[in-house]
Amino acid sequence: DAGVIQSPRHEVTEMGQEVTLRCKPISGHDYLFWYRQTMMRGLELLIYFNNNVPIDDSGMPEDRFSAKMPNASFSTLKIQPSEPRDSAVYFCASSPRGAHTGELFFGEGSRLTVL
Amino acid sequence: AQSVTQLDSQVPVFEEAPVELRCNYSSSVSVYLFWYVQYPNQGLQLLLKYLSGSTLVKGINGFEAEFNKSQTSFHLRKPSVHISDTAEYFCAVSEYGGSQGNLIFGKGTKLSVKP
């Protein structure tokens with residue numbers, strides 16, 4: 001079975017540019033999560049969806065970040081405009097019953113570098 | 001709110017030696033506890049989980065962890081490590097009855113197994 005698929009795996013961009021990260025969750029999983037991983041702050045939850053509806057976006061750093069889930073098989077995380085401090089690895093994860101069960105299935109991540 | 005502390009950021013160990021990765025948590029209610037493993041350039045994978053019942057939990061790849069409520073700890077152990085166990089290990093906690101997005105990760109412990 002295919003796992004969570006993220007693209008791109010690596011993105012290098014210049015400050016001020018728009019960045020779009022994409023995620024395809026595991027089929028049948030009702031929950032989708034976006035995490036950001038940095039050395040300083042570790043793994044942080046940005047936003048999560050249940051049945052394509054955003055439930056908690058309190059972790060989104062600021063208005064430059066937005067996430068959508070137009071259907072059950074696709075989600076995007078957009079940063080506009082990007083800044084050097086946004087450099088991190090962004091993970092998408094899906095779950096059949098929610099993160100609190102620990103049943104999170106992560107993608108391989110998108111490593112973003114903003115110059 | 002709950003929190004997780006991983007006491008060691010890096011643990012070097014020789015192959016075939018035992019290892020213990022320490023994790024302490026803080027919460028005012030009952031918790032679920034998890035260990036995840038992240039191999040280089042990959043997403044996190046669930047290693048084992050404690051939801052209820054026996055306090056000794058066995059996971060994949062020969063790892064086990066013991067829930068100690070009085071010491072609020074959930075240390076991860078393996079009696080004999082392999083080179084392939086080199087990875088970063090994350091302890092995580094969610095609260096019983098918490099929201100479906102509620103899963104707090106520790107900062108991680110990098111296990112380095114040397115020949």
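Shown above is the structure to which this text applies.
These notes cover the structure that comes with them. Every chain begins its residue count from 1, and numbering advances along the sequence as written. Labels follow written order: the first chain is A, the first ligand is 1, and so on. In keeping with the predicted nature of the model, local features appear solely for residues at pLDDT of at least 70, side-chain atom pairs appear and are counted solely at 80 or more, and the whole-chain, interface and lining totals rest on all residues. With hydrogens and water excluded, all non-hydrogen atoms of the structure serve as input to the side-chain values.

### A closer look at the state of the cysteines
Thought 1: Count a disulfide wherever a pair of cysteine sulfur atoms falls within 2.5 Å. Using the criterion set out here, one finds two disulfides over all chains in the structure.
Thought 2: The disulfide partner of C23 of chain A is C92 of chain A, and the S-S distance across this bridge is 1.9 Å. Handedness here is read from the sign of the S-S torsion; for C23 of chain A and C92 of chain A, about -65 degrees, the answer is left-handed. With C23 of chain A in strand β3 (residues 19–24) and C92 of chain A in strand β9 (residues 88–95), the pair connects residues that are 69 residues apart, well separated along the chain.
Thought 3: Summary of the burial criterion: residues with accessible area below 20% of their type's maximum are buried, those above 50% are exposed, and those between are partly exposed, where the area comes from a 1.4 Å probe applied to protein chains only. Classification of C92 of chain A by relative accessible area gives buried; the value is 0%.
Thought 4: Residue C23 of chain B pairs covalently with C91 of chain B via a disulfide, S to S 2.0 Å. What sets the handedness of the C23 of chain B and C91 of chain B disulfide is the S-S torsion sign, and at about -65 degrees it is left-handed. Here the residue C23 of chain B occupies a position in strand β4 (residues 23–26), and C91 of chain B occupies one in strand β10 (residues 87–95), the gap between them amounting to 68 residues. Under the scheme used here, helices are H or I runs from DSSP no shorter than 4 residues and strands are E runs no shorter than 2 residues, and both carry numbers assigned from the N terminus.

### Here we look at the environment of G43 of chain B
Thought 1: Within the secondary structure layout, G43 of chain B lies in the loop between β5 (31–38) and β6 (44–50).
Thought 2: Contacts are residue-level and defined by heavy atoms, with any inter-residue pair within 4.5 Å sufficient. Setting aside its immediate chain neighbours within four residues, G43 of chain B contacts F91, F106, G107 and E108 of chain A together with V37 and Q38 of chain B.

### Remarks on the interface of chain A and chain B
Thought 1: The partner chain B presents 22 residues to the 25 residues of chain A that form the contact.
Thought 2: Once two parts are joined, some of their accessible surface, as seen by a 1.4 Å probe, is lost; buried area is that loss totalled over both. Summing both partners gives a buried area of about 1700 Å² for chain A against chain B, and 54% of it is carried by carbon and sulfur.
Thought 3: Among the residues chain A hides against chain B, the three largest losses belong to L43, H100 and F106 of chain A. Together they make up 31% of the total.
Thought 4: One side-chain nitrogen of Lys or Arg within 4 Å of one carboxyl oxygen of Asp or Glu is enough to make a salt bridge. Here chain A is connected to chain B by one salt bridge.
Thought 5: Across the pair K49 of chain B and E103 of chain A runs a salt bridge whose closest N-O atoms are separated by 3.6 Å.
Thought 6: If you list the elements that add at least two residues to the side of chain A that touches chain B, you get β4 (31–38) and β5 (42–50) of chain A.
Thought 7: Amino acid classes used here: Ala, Val, Leu, Ile, Met, Phe, Trp, Tyr, Cys and Pro are nonpolar; Asp, Glu, Lys and Arg are charged; the rest, including Gly, are polar. Class assignment for the residues of the side of chain A that touches chain B results in twelve nonpolar, seven polar and six charged.

### Regarding the nonpolar core
Thought 1: One finds L33, W35, L48, F74, L76 and Y89 of chain B to be the most contacted residues of the largest nonpolar core, which totals 28 residues.
Thought 2: Ranked by size, the runner-up nonpolar core spans 21 residues in total, among them V4, L46, I47 and F65 of chain A. By convention a nonpolar core is built from buried Ala, Val, Leu, Ile, Met, Phe, Trp, Tyr and Cys residues, the set being connected through side-chain atoms within 4.5 Å.

### So, the environment of A87 of chain B
All names here are of chain B.
Thought 1: Counting through the fold element by element, A87 comes out in strand β10.
Thought 2: A87 sits in the buried class, given a relative accessible area of 8%.
Thought 3: Linking A87 and L111, residues 24 residues apart in sequence, is a C-alpha distance of 5.5 Å.
Thought 4: If sequence neighbours within four positions are ignored, A87 has contacts with V37, Q38, Y39, T109, K110 and L111.

### Points about the packing of aromatic side chains
All names here are of chain A.
Thought 1: Here a pair means two rings of Phe, Tyr or Trp (six-membered ring of Trp) with centres within 6.5 Å. Their orientation is stacked below 30 degrees between planes, edge-to-face above 60, and tilted elsewhere. If you walk through the whole model with that rule in mind, you get 13 aromatic pairs over all chains.
Thought 2: Centroid distance F33 to Y48: 5.2 Å. Interplanar angle 20 degrees. Geometry classified as stacked. In this pair, F33 sits in strand β4 while Y48 sits in strand β5, placing the two residues 15 residues apart along the sequence.
Thought 3: Residue class for Y48 comes out buried when judged on its relative accessible area of 3%.

### Some remarks on the side chain of N102 of chain B
Thought 1: Residue position: N102 of chain B is located in the loop between β10 and β11 (104–105).
Thought 2: For N102 of chain B, a relative accessible area of 17% gives the class buried.
Thought 3: Whenever two N or O atoms come within 3.5 Å, that pair is a polar contact, provided that in protein one can donate a hydrogen and the other can accept it, and provided that, for residues adjacent in sequence, both atoms are side-chain atoms. Side chain to side chain, N102 of chain B and Q2 of chain B meet in a polar contact 2.6 Å long.
Thought 4: Side-chain polar atoms of N102 of chain B contact the backbone nitrogen of E95 of chain B, separated by 3.1 Å.
Thought 5: Here N102 of chain B is in contact with A99 and H100 of chain A together with Q2, V93, S94 and E95 of chain B, once residues within four sequence places are set aside.

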